[in-house]
Amino acid sequence: MRGFEFAELKAFAAVVERKSFARAAEHLGLSPSALSQTIRQLEARIGTRLLNRTTRSVSPSASGELLYGRIAPLFREMDAAVAEATEAAGHTTGTLRINTLGIAARTIIAPRLSRFHQTYPEVLLDIVVDDALADIVVGRFDAGIRVGGRLEKDMIAVRLSPDLNMVAVASPGYLAARGVPKTPADLHSHACINWRLQMDGRQYRWEFEKKGQKLEVAVDGPVVTNHADIGIAAALNGLGIAYHFERDGVAEHLAHGRLVQVLADWSISRPGLFLYYPNRHHRPALLGAFIDCLLDRDLDIGRKAG
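These notes cover the structure that comes with them. (Residues numbered from 1 in each chain as written. Predicted model: local features only at pLDDT ≥ 70, side-chain atom pairs only at ≥ 80, totals over all residues. Heavy atoms only, no water.)

## Brief notes about the overall build of the protein
Stage number 1. Secondary structure assignment for the protein yields eleven helices and 15 strands.
Stage number 2. The buried share among the 306 residues of the protein stands at 42%.
Stage number 3. By sequence separation, contacts in the protein at least 24 residues apart represent 73% of the contacts at least 6 residues apart.
Stage number 4. Of the accessible surface of the protein, which amounts to about 16100 Å², a share of 53% is contributed by carbon and sulfur atoms. (Helix = DSSP H or I, 4+ residues; strand = E, 2+ residues; numbered from the N terminus. Buried < 20%, exposed > 50% of the residue type's maximum accessible area, 1.4 Å probe, protein only. Contact = heavy atoms within 4.5 Å. Areas by Shrake-Rupley, 256 points an atom, 1.4 Å probe, with all protein chains shown as cover.)

## Let's talk about the pattern of salt bridges
Stage number 1. Per the counting criterion, the structure on display carries 15 salt bridges.
Stage number 2. For Glu43, the salt bridge identified is with Arg53, shortest N-O distance 3.3 Å. With Glu43 in helix α3 (residues 32-46) and Arg53 in strand β1 (residues 51-53), the pair connects residues that are ten residues apart, well separated along the chain.
Stage number 3. On the basis of relative accessible area, Arg53 is assigned to the partly exposed category, the value being 39%.
Stage number 4. The salt bridge partner of Arg297 is Asp292, with a shortest N-O separation of 3.2 Å.
Stage number 5. Taking relative accessible area as the criterion, Arg297 reaches 38% and is therefore assigned partly exposed.
Stage number 6. Salt bridges sharing partners connect three or more residues here, namely Glu17, Arg18, Arg97 and Asp126. (Salt bridge = Lys/Arg side-chain N within 4 Å of Asp/Glu carboxyl O.)

## Considering the environment of Leu101
Stage number 1. Its place among the elements puts Leu101 in the loop between β3 (94-100) and α5 (102-109).
Stage number 2. Between the C-alpha atom of Leu101 and that of Val147, which follows or precedes it by 46 residues, the distance is 8.3 Å.

## Concerning the packing of aromatic side chains
Stage number 1. Scanning all chains against the criterion turns up four aromatic pairs.
Stage number 2. Site record: aromatic cluster; members linked through ring pairs are Phe116, Tyr120 and Phe290.
Stage number 3. Across the ring face of Phe141, the terminal group of Arg97 is positioned such that the distance to the ring centre comes to 4.1 Å. (Phe/Tyr/Trp six-rings, centres within 6.5 Å; stacked < 30°, edge-to-face > 60°. Lys NZ or Arg CZ within 6 Å of the ring centre and 35° of its normal.)

## Side note on the pairing of strand β15 (residues 273-278)
Stage number 1. In terms of burial, β15 is a largely internal element, six of the six residues being buried.
Stage number 2. For strand β5 (residues 143-147) and β15, the ladder comprises four bridges, and the chain directions are antiparallel. Counted as the bridge partner of Ile145 is Leu275 from β15.
Stage number 3. Here five bridges tie strand β6 (residues 155-159) to β15, and the two strands are oriented antiparallel to one another. (Pairing = 2+ DSSP bridges.)

## Concerning the nonpolar core
Stage number 1. Residues Ile145, Trp206, Ile241, Leu273, Leu275 and Phe290 are the most contacted members of the largest nonpolar core, which totals 48 residues.
Stage number 2. With seven residues, helix α10 (residues 285-294) is the single largest residue contributor to this core.
Stage number 3. In terms of nonpolar packing, the next biggest core, distinct from the first, is built from 21 residues, Ala13, Val15, Tyr68 and Ala72 among them. (Core = buried A, V, L, I, M, F, W, Y, C linked by side-chain atoms within 4.5 Å.)

## Overview of helix α2 (residues 21-28)
Stage number 1. Buried within α2 we find Phe21, Ala24 and Ala25. Take α2 and look down its axis: the buried residues cluster within an arc of 100°, on one side only.
Stage number 2. Residues of α2 that are buried make contact with α1 (3-18), α3, β1 and β2 (58-60).
Stage number 3. Regarding α2, its N-cap is Ser20, as a side-chain oxygen of that residue lies 3.2 Å from the backbone nitrogen of Ala22 further along. (Arc of directions from axis to C-beta. Polar contact = N/O pair within 3.5 Å; in protein donor to acceptor, adjacent residues only side chain to side chain.)

## Comments concerning the sheet that holds β3
Stage number 1. Taken in spatial order, the five strands make up an open sheet running β4-β3-β5-β15-β6, and their pairing is mixed. Each of the sheet's edge strands pairs with one partner strand only, and the pair in question is β4 (123-129) and β6. Across this sheet, the average inter-strand angle for adjacent strands is 25°, counted without regard to direction.
Stage number 2. In the packing of α10 onto the sheet, the strands contacted are β3, β4, β5, β6 and β15, and the crossing angle to β3 comes to about 50°. (Axes fitted to C-alpha atoms, helices over the stretch in contact; angles between N-to-C directions.)

## Considerations on the packing of α1 against α2
Helix-helix packing: each pair is described by the crossing angle between the helix axes and the interaxial distance.
Stage number 1. For the pair α1 and α2, interaxial distance at closest approach is 8 Å and the crossing angle is 130°. Relative to α2, the element α1 is oriented oblique. In this structure, α1 meets α2 at a crossing whose hand is right-handed. In this structure, α1 contributes Ala11, Ala14, Val15 and Arg18 to the contact, and α2 contributes Phe21, Arg23, Ala24, His27 and Leu28. (Parallel < 35°, antiparallel > 145°, perpendicular 65-115°, else oblique. Left-handed = near helix turned anticlockwise from the far one by under 90°.)

In structure tokens:
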């Protein structure tokens, strides 16, 4: 394969994986116009359209799906081979692509970014925040981070956090005006801040449990969102009751009285956050270093070395 042909295929794969010419161009270090020209050259050489383009989205055509399905595993193998060669040379460098939930990005990754960069300045972290359950193999991610109960099959999982408590919360002002729900059924007469599930667009049915009795409640209200910050802000401003992970920005508001927990005896806990990656015989040292940082093992290593 000639060099320009390889470059065209890499460019095509980048667009498919990032679902955007702009993001793919940034990743490849090209201008969007240069990337578009590269894709047009590839389509002309193959003789068929590979990408369906609109003003808002880009997706592979049927031919594009077939092509990507064949070349993606080859690129993954090449990336793994380069990583192994780099490790053998004693260098920690390269790109690490992580697909993560927002709660993990905010509470686990963000506080440790600076420390990881200081230790591995030649490593590029490509972090995609995605609250849908993306296929990390298809997306050519090195690892994903999800709540434990939603892990993909055939994956190796590493626990990053304890179980996560979910709490229903509202502002003191809202509760003074509308009353305090005593059971999950009471939520039908309240305004609720709901979640939009990105996997299929459905709204989340709130899950509760008490003494072995499990309930799912479909709620309504003035705001639907897929972002925790929006839901918490809506609750703080008295728009309704929100249902969130306590660890994800809620605990501080509870401690200062800005939010009040309701239905505490019905709230549930979910399996903790897990980092997961494909079940391969070889785990890249770079991914291992990232895991050590997220678990603060690198601090233990540094103390022992000191």
